[in-house]
Number of protein chains: 2
Amino acid sequence: MQPQSRDCRFAGKLRPWISYYKRRQSRAPNRQLTVLRCCCTVTEMAALRLLNFWAMLVTLSVCNGWLFENFGSYRNREADEVALWPLPQKIQISGAAFQLSSAGFQITHANGSTAGPSCSLLQNAFRRYFDYIFGNARKQGKNQQKVFDSELQELQVLLTAKDPECDGYPNLKTDESYQLEVDQPTSVLKAANVWGALRGLETFSQLVYEDDYGAHKINKTSISDFPRFAHRGILLDTSRHYLPLKAILTNLEAMAMNKFNVFHWHIVDDHSFPFLSRTFPDLSQRKGAFHPYTHVYTPSDVKMVIEFARMRGIRVVAEFDTPGHTQSWGKGQPDLLTPCFSGSSPTGTFGPVNPILNSTYDFMTRFFKEVSTVFPDAYIHLGGDEVDFSCWKSNPDIQKFMDQQGFGQDYKKLESYYIQRLLDIVSATNKGYMVWQEVFDNGVKLKGDTVVEVWMNNNVDGELQKVTGSGFTTILSAPWYLDYISYGQDWQKYYKVEPLSFQGTAEQKKLVIGGEACLWGEYVDGTNLTPRLWPRASAVGERLWSDENVKDINSAYNRLAKHRCRMVQRGIPAEPLYIGFCPHEYGGL
Amino acid sequence: MQPQSRDCRFAGKLRPWISYYKRRQSRAPNRQLTVLRCCCTVTEMAALRLLNFWAMLVTLSVCNGWLFENFGSYRNREADEVALWPLPQKIQISGAAFQLSSAGFQITHANGSTAGPSCSLLQNAFRRYFDYIFGNARKQGKNQQKVFDSELQELQVLLTAKDPECDGYPNLKTDESYQLEVDQPTSVLKAANVWGALRGLETFSQLVYEDDYGAHKINKTSISDFPRFAHRGILLDTSRHYLPLKAILTNLEAMAMNKFNVFHWHIVDDHSFPFLSRTFPDLSQRKGAFHPYTHVYTPSDVKMVIEFARMRGIRVVAEFDTPGHTQSWGKGQPDLLTPCFSGSSPTGTFGPVNPILNSTYDFMTRFFKEVSTVFPDAYIHLGGDEVDFSCWKSNPDIQKFMDQQGFGQDYKKLESYYIQRLLDIVSATNKGYMVWQEVFDNGVKLKGDTVVEVWMNNNVDGELQKVTGSGFTTILSAPWYLDYISYGQDWQKYYKVEPLSFQGTAEQKKLVIGGEACLWGEYVDGTNLTPRLWPRASAVGERLWSDENVKDINSAYNRLAKHRCRMVQRGIPAEPLYIGFCPHEYGGL
């Protein structure tokens, strides 16, 4: 929320139109949006006079009544002003504003809530959001004596499920919906469980703004909200560069601010194996990791990431990609990878996992048994992308095996043979699995609850048709490879993606359960991750949470510019959308 | 310097060839370089056996003798190992290594040096580079008792000029050359003045590496160095986004590590006027700045930037761009800008500076009088780019003036009229000026010492020909607009630019005095500036400092990857070039 002088408050109501008028005159490159300044300018005052009569009508309705938000038809300017991100499904904001003070406001468990002070997930969230709301303005002391008429004293959190899941983990079926009634002296946030409460607390914190005098205010508001898609993920790659724990936790913090709920942890790959396995410590200790002590994730590091994520309603889905992308595995596990040959001599280099040895499957059984206990999520991502067949082709033993199995020269059959055995191994641990699209494309037999991740950008609609036509759930990441940077406001490109635009039945579309923004690690490490990912990933966040009719790019620009300032204020160095400034922009630096 | 186990040290000598061999096999995207790992791998050992005999010959020569560096012919592997950046003009590195300890080593003023302990610029530099060299390993205490045979005890800094310029400012004619002789027990850094000493101290600090046991070492080395170009600049834009002081100082720190010597401070523009003028405080206080207190540079902020830069041998050239790019000036200075008209009515909007009023020139006289005292550099950048004539054309008074002056409809003549008067005003302050190329293109009469900055990318060679053909000095920024980001290793594109490749006489080429890497501020603020600029700007740094024959992209990759790790270790969050890691990469996070 930008600070605003009193005299300009009235003009502020007209700002979207004034801004449109100014924008048409602007010479900004690529017709970029002109950033709104914090107070009314000469131009605005002129426009104000011209639009005076009409403005009065609009303003009266804004100030005195509810504006029902039906996002298909028109925009709610009050909602733009507080810059909710992602935009809730249903929202009514009134012009009536209440004050909040750090001494006189509290977040409490409602009478009758199935959660209480022993629900530490919720207690931690109360603290976190109280801090976000009051920041440096937080004062010590008990409730103040003087209570103003229009003051908000309490946000009561009311959980209704018999088990509010205080000590649980979110999953694909988690109910994240919530209802929020902001009124004085008591507001109520109602949700079935802690996961919905977390989402509602984030929304509540976004509703609070500072008025011209720095006072904290919130408007009378009614919200009913739920996510459009169940799987809203961010992929980080900790193999091409090691990401220090702090960078991962900062990202989880930003994810919660944008209502993401899956951290897809692409934890190992060709380049390094930072996952310290208790069963096979040599995988990271013997040159698999960039460094055996400084560049690994110990069991307690992993636990910390999982718990930090859980406290924010975020699942951690670990990916252990095989049979390709496994060069680093070979360093600490002899005979796991296929020796490559030149003619009849081994070259000394290695290819994908060796699919013809029993020792391979023994290893995978023990390894994934450990992984399935380390990561509590119901899903493991098994990768399966980009298998290069050239080394398999060069190896005489593999050729022999192909003949024995009757695979001919079809190495996809060999890949499927491997994957099939791996899937059976993982199924035996009672985990579901996610795979990259090639596994489906190659005709591997998949369990019914498999999630197929569509990442190739050449035929997205066709692939979604095929995968859902075969009855599998799918998530989309192809349009959201955020490591591909370019000049300008590329967030708009990500924002405009409509995941259900492919031809298919209603049943098929239900099988698209979400998507992921992927930040592959070739050019990203702890030095540049956060500003490169945020707020570009926020565009994906709103696409996956809000109603499909929420697609006005101007409204999105205005809200996102403010939302990124909010992230900066909360200590996330999210980069700017375009020219302008944030009222509080030093915190994170 | 990557840590290296003892057994692999020998193999390490062969790494450039092994790396080439591996690279040919790699499937990395766009044939990117494979990053070298810190110790010898199986592949390396195999290659080692194959190349055994030849390797011995090479290694013997490396270990026992000098390798004279003549960069046109072959690369010095020892220099690659310590990763000097930018590469010195002449360097000999021996295999003989000396130890340094924080307790037993000191940087001192040589007997006979014209500078002593009262030269605070040098004293500060001694402290800074001592810290860089020993970092956390720094120990308290006087010189240790036990002195090893091969220990380096002292770097003596010998300044020879009668006035070593301890309290001066660098300028375009500054002699930045230095000679460095590293030997035990005493090394000598010789330079005419403090500016050469600063460059030599940076080089000395880059020569120090850690051996396998964490001991600090330096090889016997002889360096004679000087810059190829006198003007090596970085442009930052503090108008489109305000940059907090800390971000500017961090950038100056990084500039010194890359031997840049000009901070081109594009301090104001259309979008905001953060420069707090004592003479015209309203320019920033009355809505010219994004915020009158939090988003301005006060006189003491500016002083601090200038002094911080001076201590690092960096000139601060401020740019006050007129007559275009001045929207923000109009907020606090009524009647300065041209009122735009629609027919016979003013539209309420404004165009470039109004060139027909005497009040304009009165204002500029007083304003630039202040600017010329605030900024000690001999040059002021006066801008003069991208003037939009449409508003001038719409204004009846301007049309009348055009008629009176006999300019017809040639608004370039009006622009030149304004610039000419401005140049005379600035000349009267005894300052030289820099201008963007349009001022030259439009035929404005320029002083002989004017520096013309070539920024348009459509006909760089032709423009350089024209400017130098007319006898003016010029700097090149067109190929180095680093705000235009793209996926991949774009530093290579910047690195490959040869500023003197245009057709011209030797005399003309001497007039190209350097270049600038520009980071315009549309999409950059304190959240993303440093990792976006560094190490991409380092590529420009070497191009402008080192010999023109220094252009081997593989050598550059290896050295720059290590140099960026050095920057990270020194607290500059410079982003990675490609896949890999740094031994010490947490410091700046």
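Residues numbered from 1 in each chain as written. Chains lettered and ligands numbered in written order. Predicted model: local features only at pLDDT ≥ 70, side-chain atom pairs only at ≥ 80, totals over all residues. Heavy atoms only, no water.

### Thoughts on the packing of aromatic side chains
Describing an aromatic ring pair means giving the distance of the ring centres and the angle of the ring planes. What counts here: Geometry of aromatic contacts follows a simple scheme: Phe, Tyr and Trp rings, the Trp one being its six-membered ring, pair when their centres are within 6.5 Å, and the pair is stacked under 30 degrees between planes, edge-to-face over 60, tilted otherwise. A run of H or I in DSSP counts as a helix once it spans at least four residues, and a run of E counts as a strand once it spans at least two, with each numbered from the N terminus. Placement of a positive charge over a ring is assigned whenever Lys NZ or Arg CZ falls within 6 Å of the ring centre and within 35 degrees of the normal to the ring plane.
Scanning all chains against the criterion turns up 79 aromatic pairs over all chains. Look at Tyr242(B) and Tyr297(B): their rings are 4.6 Å apart centre to centre, the planes differ by 25°, and that puts the pair in the stacked class. Pair noted here: Tyr242(B) is in the loop between β9 (231-237) and α8 (245-257) and Tyr297(B) is in the loop between α9 (282-285) and α10 (299-310), with a separation of 55 residues, a long-range link. Here the basic side chain of Lys259(A) rests over the ring of Trp545(A), its NZ or CZ set 5.7 Å away from the ring centre.

### Observations regarding the interface of chain A and chain B
Applicable threshold: Only heavy atoms enter the contact rule, under which two residues are in contact if any of them lie within 4.5 Å. By buried area we mean the combined loss of accessible area, with a 1.4 Å probe, across both parts when two parts are placed together. Here, a salt bridge means any Lys or Arg side-chain nitrogen found within 4 Å of an Asp or Glu carboxyl oxygen. Polar contact criterion, stated in full: a pair of N or O atoms within 3.5 Å, where within protein one must be able to donate a hydrogen and the other to accept it, and residues adjacent in sequence count only if both atoms are side-chain atoms. Each residue is assigned to one of three groups, with Ala, Val, Leu, Ile, Met, Phe, Trp, Tyr, Cys and Pro labelled nonpolar, Asp, Glu, Lys and Arg labelled charged, and all others, Gly among them, labelled polar.
At the junction of the two partners, chain A supplies 51 residues and chain B supplies 51 residues. At the boundary of chain A with chain B, total buried surface from both sides reaches about 4800 Å², with 57% on carbon and sulfur atoms. In this assembly, chain A and chain B are joined by four salt bridges. Here Glu575(A) and Arg532(B) are joined by a salt bridge, their closest N and O atoms 3.0 Å apart. Our count for the chain A to chain B interface comes out at 16 residue pairs in polar contact (both at pLDDT 80 or more). At the level of secondary structure, the elements contributing two or more residues to the side of chain A that touches chain B comprise α20 (529-533) and α22 (553-569) of chain A. Split by residue class, the side of chain A that touches chain B holds 23 nonpolar, 14 polar and 14 charged.

### Considering the relation of the copies chain A and chain B
Applicable threshold: What sets the superposition is a least-squares fit of C-alpha atoms, and only residues with pLDDT of at least 70 in both copies go into it.
For the match of chain A to chain B, the screw axis carries a shift of 0.0 Å, the RMSD comes to 0.0 Å, and the turn is 180°. Both copies are brought into coincidence by an operation consistent with a two-fold rotation axis. Rotation axis and chain A: the residue whose C-alpha lies nearest the axis is Ser486(A), separated from it by 2.4 Å. Residue by residue, 100% of the interface of chain A is reproduced at the interface of chain B, so both copies engage with the same surface.

### Remarks on the pattern of salt bridges
Here is the rule we go by: For every residue, the accessible area (1.4 Å probe, protein chains only) is compared with the maximum for its type, and the residue is labelled buried under 20%, exposed over 50%, or partly exposed between those bounds.
Tallying each qualifying case throughout the model produces 38 salt bridges over all chains. Residue Glu202(B) is joined to Arg570(B) by a salt bridge in which the shortest nitrogen-to-oxygen separation is 3.1 Å. Of the two residues, Glu202(B) sits in helix α7 (residues 194-207) while Arg570(B) sits in the segment after α22 (553-569), which places them 368 residues apart along the sequence. Assessed through its relative accessible area of 1%, Glu202(B) is described here as buried. Judged by relative accessible area, which is 15%, Arg570(B) ranks as buried. Several salt bridges share partner residues, and in doing so they unite Asp237(A), Arg240(A), Asp269(A) and Glu522(A) into one network.

### Brief notes about the domain arrangement of chain A
Residue and element names in this part refer to chain A. Our working definition: What counts as a domain boundary in this text is fixed by an automatic or database domain assignment.
Examined at the domain level, chain A breaks down into domain 1 (90-138 + 148-225) and domain 2 (231-553). Centre-to-centre, using C-alpha coordinates, domain 1 lies 35 Å away from domain 2. Taken together, the contact pairs 21 residues of domain 1 with 21 residues of domain 2. Carbon and sulfur atoms supply 54% of the area buried between domain 1 and domain 2, which totals about 1800 Å² over both sides.

### Structural notes on helix α12 (residues 358-374) of chain A
All names here are of chain A. We count it as follows: A helix is expected to span 1.5 Å for every residue after the first.
Spanning 17 residues, α12 covers 25 Å between terminal C-alpha atoms, matching the ideal 24 Å at 1.5 Å per step. Those residues of α12 not exposed but buried are Thr360, Tyr361, Phe363, Met364, Phe367, Phe368, Glu370, Val371 and Ser372. The elements touched by buried residues of α12 are α9 (282-285), α11 (327-332), β13 (345-353), β14 (379-381) and α15 (411-427).

### Topic: helix α10 (residues 299-310) of chain A
Between the first and last C-alpha of α10(A) there are 16 Å, a value that for twelve residues agrees with the 16 Å anticipated at 1.5 Å per step. For α10(A), the secondary structure elements touched by its buried residues are α6 (120-134), α7 (194-207), α8 (245-257), β10 (262-266), β11 (315-319) and α12 of chain A.

### Quick word on the state of the cysteines
All names here are of chain B. Applicable threshold: Counting rule for disulfides: a pair of cysteine sulfur atoms within 2.5 Å.
Evaluated as defined, the whole model comprises six disulfides over all chains. Two residues, Cys565 and Cys582, share a disulfide whose sulfurs are 2.1 Å apart. An S-S torsion of about -80° defines the bridge between Cys565 and Cys582 as left-handed. Of this pair, Cys565 sits in helix α22 while Cys582 sits in the segment after α22, and the two are 17 residues apart along the sequence. Of the two residues examined, Cys565 and Cys582, each falls in the buried class. Listing the disulfide partners of chain A by sequence rank of the bonded cysteines yields 1-2, 3-4, 5-6.

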